[in-house]
Every structure is written in structure tokens, then in C-alpha cells.
Amino acid sequence: MYRYDKYDQAMVDTRVEEFRDQVRRRIEGKMDDDQFKPLRLKNGLYLQLHAYMLRVAVPYGTLNSAQMRTLAMIARKYDRGYGHFTTRQNIQYNWIKLAEAPDILADLAKVEMHAIQTSGESIRNISSDQYAGAAADELIDPRPWAEMLRQMTTFMPEFSYLPRKFKIAIIASAEDRIALRWHDFALRIVQNTAGELGFEVFAGGGMGRTPFIAYCIREFLPTTQIFSYLQAVLRVWNRHARRDNIHKQRMKILVHDLGQEEFTAQVEEAFEHFLSLGEDFPPAEYDRIAAYFAPPAFEQGLSDEIDLSDPAFARWVERQVVAHKAPGYAIANISLKPVGGIPGDITAEQMELVADLAERFSFDELRSTHAQNLVLPHVKKADLYTVWQALVSAGLADANLDLISDLIACPGLDYCSLANARSIPVAQKIAERFADPARQADLGELKIKISGCINACGHHHAGNIGILGVDRKGSESYQLLLGGSGDEDTTQAKIAGPGFDEDGIVDAVERAVEHYRAVRSPNERFIDTYRRVGMDGFKEAIYG
Amino acid sequence: MAESGNPTPAATEQFSAGLRFRDDVAADEPAVSLDAFLEQEEADSVRIEAGEDVTVLFPHLSRVRLIEVDFPKFRDGRGFSTARMLREAGYTGEIKATGDVLVDLIFFMRRCGFDSFAPDKPIDPSDAEAALTRWDNVYVPAADDRVPIWKLRHG
Ligand code: HEM
Ligand code: SF4
């Protein structure tokens, strides 16, 4: 895992002091709230319904045990004993006091963490594969590039007031585990025919009220030119985006207004210019960073056998454990979706237990996922039973990865000032309706994603079943969408028809699911059945 | 320790003198609009509004002494690109930030090539000095001569 050197440490320490000074000037009245707002947003502080919310960056979803323990300490000391993992692999605290925020940032800096650019019109935390460095199917570990991107996008002077937020994702496998093409700017590491590594580049994705799936704007970018290329993209957008309507300022709008060809041409022209400045990073810098991500010292000669005689353990292994590249090791997914719980929520005690497990059984590494779960990336197969027992004792052993109860949900009206409707109770009711493990297993992979308003924080556009909270004559109402995907076969979900109330939407989901069961071919996933048979049959089943 | 690029002592003295970081004599003609500038061959000071295309100035840079770049709202970051593109095009005259310019932006503005500031609301000189001297190092290059951390690491 990456470790800060003196330069990185000074950057976050200075940032804490800067923010302390800004908070002081706000409190002394030297700055009005309008001026202070973008500054606090660039430090992850939102004003919500009841209190400030602080979003802490988990760079590319990688954490060590000391960092997780600090997150637990923050939950206990400054919040109400829990935190919430988000759809971009970060963690949020919902009950923060402004005056304490600089102290929290100082505590984070001690474990090489920060909240820099986690909200506001800035380049956000880089998303990456939660299985990076462990996945059997990856070309190379994408995290050195993610760390490189983290540093190059931290405090870019020219892009300090972008038209809107800018989200970057990077992966190195064909399977997409991070909703790649739903990002503003996305990179897939690929190999050309000469065997060189480069980036396949996508641009212009995004959810919100105007969803777009990103286009490929370059099939192969030499890795050493990424700084020039990224600046070219940002400059084209920064100069030409609309500035008169906040809903039309995301890069996706410009990309789609100009069209793939014109946008690409403008980027290429700016790219030539940036290359001519000769400011790309020295190759030795990649080597320096990559050295931190060298594979851990996996033991050799381990057995791949797992004793599955305990049926509950066997169910968990079947669902939560994924192939690892090293023989004798496995990737273990930890569900933050207990039936009836709040998706992504975790208590301070649970964080500490997971930190202990990471330290003892996973080379001190942990990951967060865009589906709001956690991962122990490098567990010896022989240790899986012990790990599972510890998870059971902490209420973290649900076996529902990618199943119907593994829902994604935004905070919704319970916390969010922009919400039209509550998301959390709907998620809870659906999970309860389908709580029976046999029923869930029979339904197989089925991704439900719930947002409390059109901002789409809960990814409803990418849900196999999406649920969107809307305001209908002053009361909460929910629309049902079908056919979305955030995987390598990215598609945007479509609205099925008129909305429902809170109980009605749960019934509607059940009718859609039962229709799938009735018409599916053997071993066909929900999304594949939907794509094969189309909306009409589902519509009829749902609306009768 | 700063390896490079901190404001010079001369600049520090000027914090109270309207935030100008140049030694030459300031242009005394008022800046004209971009359209007017392109028509008036004797004009040497021009004003660029947010959203105007700075590249049309590039063929005329040799006769320009002052370019004012306006920030209608501090959230409108187009002026950062405007200034940096002027420096990349070789312009060495004055670039002045006007409008809604906040102290929290001036460090990044300096890095993009601005060398004077005439904000709508005056900036407290001690706040300005703190903002400009806060960062010992920077991650990425811009239009100034600060050496990015990735170079410092490799000598
Ligand atoms: C409660 C405070 C929150 C507020 C005020 C908020 C606000 C917003 C807004 C306004 C957008 C639309 C942006 C746009 O279209 O340009 C958005 C999008 C988004 N938010 Fe949030 N959000 C909040 C919490 C969250 C949480 C908890 C998550 C993760 C679970 C999250 C993840 C996202 C994602 C993934 C998007 C979609 C990004 C895209 O458009 O590509 N947000 N949020
Ligand atoms: S989708 Fe809407 S309700 Fe949900 S968190 Fe985002 S802004 Fe709030």
C-alpha cells in the first residue's frame, strides 16, 4: 500500500491548517457563508438536514487497519458511533459540528488520510477496483496509476474552479467492478499489440438528472502521457462548458452537445499542445509509486482446499469469496447489507473488528466497494473459517453479494436536504420481503439501486431494478426503472410506468421479480432476461 | 522548505500596495474590450470577459502591456485557463485579475500567471501573504516556475 513521504504529509498537514484558518475567518465574520461554502465543500463538508456531513476520501478504496481504526475513533468521538460507506468508496459521517471539523481533518492526516476535494466543483477521489492487486483477472494492479492520478489532481491550479464535479475511475480488468462508464473520465488499462500498457479512455459519463454513458475518446493512450491528456480534457471542458445553469455544467453535457467526434478532436488538439510543454511526470515516479504496491509476501505451497462441512459457512463462501491470483488465497467480501439494516452503515465496533481481521489475516489491507461493502483482499483459504466466525459475531456475515438484498441506497430524506423521498426504509422493506436466503439464491444476481431524488446518488440509472424517489403533490412517491447496469455491459435503466407509494413500490418490485422467474431461461440473470424479453411483459406484470 | 517559487521579498512589500507583483511601470491607459482592442491598433491594454476566446489575442501579444481577466463570480474558473494559456503563448506582460477575486484563490491565480489583482472587495494584506506563502511545495507544474514534487523526488 502507498505510504506518504514528507511531501505528501506536508500537503495534508498544510491543508488542515489552511482549513482551520478558513473556519476561523468564517467564525470571525471575515467571510460570508456564500464565500465559505465552496471552501468547506472542497474539504468534504456538506450542510445536511440536521447537521454537517463530512465525506472522507478513501483513495481508490484502499485502507489499512490503522486508518480503519481512526475512522472508528472519529465515529465515536465526533459522530454518533457509526459511519456510512458511499457509492464512490468513501466514508461519510452524518452528525458533524463545524467547529470540530479541523480537528477531524488533523486526526485523519495522522494516518495519511484527508477529505480534500471530496465534494464541490472539483476533481473527486479516484475510484478503482476493490479487488486490485488480488483479482485473478487483472492485467496489472491499477492502484499505482490511481495514486499517480490522486497526486496530479490534488490542487491543480488551472482547474480549481471547474464548472462542476469531476469523477475519475480506473480499472485493469475486462470485468467492470466500479461502474466505469458512469464516470466523467474513466481509464481501462489495456495492452497494445506491441505488448505496451496504455489507457483506453472514456469521457462524458454521469448520472444525475441527465444520465449519460461515457464514450470511448481514445483507444490507446501511452501511460506516460496521462498528465498532458487529462489536462487537455479538463481545459476543453473548463473553457467551453456552460456556466449559466448548474444542471448543464457537467462534462457529460458538453461531450454530448459537441458529439463524440468534435469533443475528441478538440481534446486531441489541446493534448498536442500540452505534450509540447514537456511537463509529464518522470517515469521514475511511476516506479517509485508502484514499488509500494508490490504484492505482499504470499506463502507458497498452500492448499486450495476449504473445509465446507459447516453449511452456513459453505453458503457464505459460495457467495462472498472470490478467486485470488495467488494459490491458497481468496478475496473475502464483507456485506454491509444485513437484512433490515441501512445499506453501507457500519458501527465503530464493527470497523475495529474488521481492522483487526485485516491486520491478522489480510496483510493489513482492506477495501471499500462502490456497492457499499468491504473486502478483505488477501485471506489464506485456511483462515477463512476463523474470519467468518469473527464476522458472524459482529453481524457482518450476510451472504448476499450481488443478490437482491445487496441494495445500494442513498441517504434520502432521512438525512438529505435535497431529497424528495426516503430511500432507507424502502431498501429495508425490500430486503425484508426477500429475506429468505433460499429465495434470494434462487433469484441470483439482481442489483437494486435506490435514489431519493433525481441527483441519482443511489445509482438508480444503473440498477437492474432502479427506484427513484419523486415528489408527487407533496407526498413521497417512487418510480420503478428496469434494465440498468453499471457493469461491463453498461446500460441505462428505463422508467416502467407510473409511480407507487412506499408499500406499493415493494409490491411492484416483487411482481417484476416474479415475472422474471416465470419467463427466465435456465441460469439466466434478471438483466439478461429483461434484455431478451423487453419491457412490455414486465410492464404488464407490474401494472396488470 | 520551499525549493522554488515563493513570492519574492519585493512582492511581499507590495501586499499593501494593491497586490501587484511586477517591477515595471503599470500601464496607464484603461483596458479596452477585446473587440475594441482588435480595432484600435494603438491600444496596449485589453480586458477579457469570462467566456471570451483568448486565442484571438495571440497574434497581437507583442503590443500588449496589460490584460485584465474578469471573474464575474469567484466560482467561474474560466479565467484560470485564460491566464495560463496566455503564459503558454509566451506573453510576459501584466495579467490582472478583476472582479470577484477572493483571497483563497490568489495562490492558484499566481500559479496560473496572474501577477496583479484588483478585486471588487479589497483583500486583507496579511491574509494574502498567508495564502501566498502557505504551500512549500506543489504536486503539479503550472505557469510559474515552481518545481513539482514529482521532480523534486527524483532530483
Ligand atoms: C446527503 C448529502 C448529499 C448531497 C447533498 C448530494 C448531492 C448530490 C447532487 C446534487 C448530485 C448530482 C450531481 C450532478 O448531477 O451534477 C449527486 C450525485 C451523486 N452523488 Fe450525491 N449527495 C449526497 C450524498 C451522497 C451519498 C451518501 C452518496 C453515496 C452513497 C453520493 C453519491 C453520489 C453519486 C454516485 C452521484 C452520481 C454522480 C454522477 O452524476 O455521476 N451522494 N449528489
Ligand atoms: S439522490 Fe437525492 S436524496 Fe439521495 S443523497 Fe443524492 S441528493 Fe440526496
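Residues numbered from 1 in each chain as written. Chains lettered and ligands numbered in written order. Predicted model: local features only at pLDDT ≥ 70, side-chain atom pairs only at ≥ 80, totals over all residues. Heavy atoms only, no water.

A. Representation of the sheet that holds strand β10 (residues 215-222) of chain A. Residue and element names in this part refer to chain A. Ordered in space as β6-β7-β8-β9-β10, the five strands form an open sheet in which the pairing is mixed. One side of each edge strand has no neighbouring strand; the edge strands of this open sheet are β6 (127-128) and β10. With seven bridges joining them, strand β8 (residues 185-191) and strand β9 (residues 197-203) adopt antiparallel strand pairing. Pairing of Phe185 across the sheet is with Ala203, part of β9. Against the sheet, helix α8 (residues 260-277) contacts β9 and β10, and its axis sits at roughly 30° relative to β10. (Pairing = 2+ DSSP bridges. Helix = DSSP H or I, 4+ residues; strand = E, 2+ residues; numbered from the N terminus. Contact = heavy atoms within 4.5 Å. Axes fitted to C-alpha atoms, helices over the stretch in contact; angles between N-to-C directions.)

B. Structural view of the nonpolar core. Core analysis: the biggest nonpolar cluster contains 155 residues, and Met68(A) and Phe166(A) have the highest contact counts within it. Core analysis: the second largest hydrophobic core is formed by 32 residues, Val426(A), Ile430(A), Ile465(A) and Met535(A) among them. (Core = buried A, V, L, I, M, F, W, Y, C linked by side-chain atoms within 4.5 Å. Buried < 20%, exposed > 50% of the residue type's maximum accessible area, 1.4 Å probe, protein only.)

C. Spotlight on the coordination of the iron atom of ligand 1. There is one protein donor for the iron atom of ligand 1, namely Cys457(A) (SG), at 2.1 Å. Inspection of the secondary structure puts Cys457(A) in the loop between β17 (448-451) and β18 (465-472). (Donors = N, O, S within 2.8 Å, 3.2 Å for Na, K, Ca; no water.)

D. Fine view of the domain arrangement of chain A. With domains assigned, chain A is organised as domain 1 (6-110), domain 2 (142-289), domain 3 (311-393) and domain 4 (408-543). The C-alpha centroid of domain 3 of chain A is placed 32 Å from the C-alpha centroid of domain 2 of chain A. (Domains from an automatic or database assignment.)

E. Region of the structure containing the interface of chain A and chain B. Counting from both sides, the interface comprises 44 residues of chain A and, opposite them, 37 residues of chain B. For the pair chain A and chain B, the summed buried area comes to about 3900 Å², and 58% of that belongs to carbon and sulfur atoms. For the pair chain A and chain B, the number of links is 13 salt bridges. Note that Asp5(A) and Arg153(B) form a salt bridge whose closest N and O atoms lie 2.6 Å from each other. For the side of chain A that touches chain B, the secondary-structure elements that each account for two or more residues are α1 (6-27), α2 (33-41), α5 (143-152), α6 (226-240), α8 and α9 (283-292) of chain A. (Buried area = accessible area lost by both parts, 1.4 Å probe. Salt bridge = Lys/Arg side-chain N within 4 Å of Asp/Glu carboxyl O.)

F. Fine view of α2(A). Residues and elements named next belong to chain A. When α2 is considered as a whole, its buried residues turn out to be Gln35, Phe36, Pro38, Leu39, Arg40 and Leu41. The inward-facing, buried residues of α2 abut α1, β1 (45-47) and β2 (52-56). Where α2 begins, the capping side chain belongs to Asp32, and its oxygen is found 3.1 Å from the backbone nitrogen of Asp34. (Polar contact = N/O pair within 3.5 Å; in protein donor to acceptor, adjacent residues only side chain to side chain.)

G. Representation of the pairing of β9(A). Most of β9(A) is tucked away: six of the seven residues are buried. Counted between consecutive antiparallel strands, the loop separating β8(A) from β9(A) contains five residues, among which Gly195(A) sits at a positive phi close to 85°.

H. Main features of the site of ligand 2. Every residue near ligand 2 is listed here: Cys410(A), Pro411(A), Gly412(A), Cys416(A), Leu418(A), Ala419(A), Ser451(A), Gly452(A), Cys453(A), Asn455(A), Ala456(A) and Cys457(A). Partitioned by chemical class, the residues of the shell around ligand 2 number eight nonpolar, four polar and no charged. (Near = heavy atom within 4 Å. Nonpolar A, V, L, I, M, F, W, Y, C, P; charged D, E, K, R; others polar.)

I. A look at the sheet that holds strand β3 (residues 66-71) of chain B. Residues and elements named next belong to chain B. Pairing in this open sheet of five strands is parallel, and the strands run β1-β2-β3-β4-β5 from one edge to the other. Single-partner strands in this sheet number two, and they are β1 (32-33) and β5 (116-119). As judged from the four bridges shared by strand β4 (residues 94-99) and β5, these two strands associate in the parallel manner. When the sheet's bridge partners are listed, Thr98 is paired in β5 with Ala118. Strands in contact with helix α3 (residues 78-88) are β2 (45-48), β3 and β4; relative to β3, the strand with the most contacts, it is inclined by about 160°.

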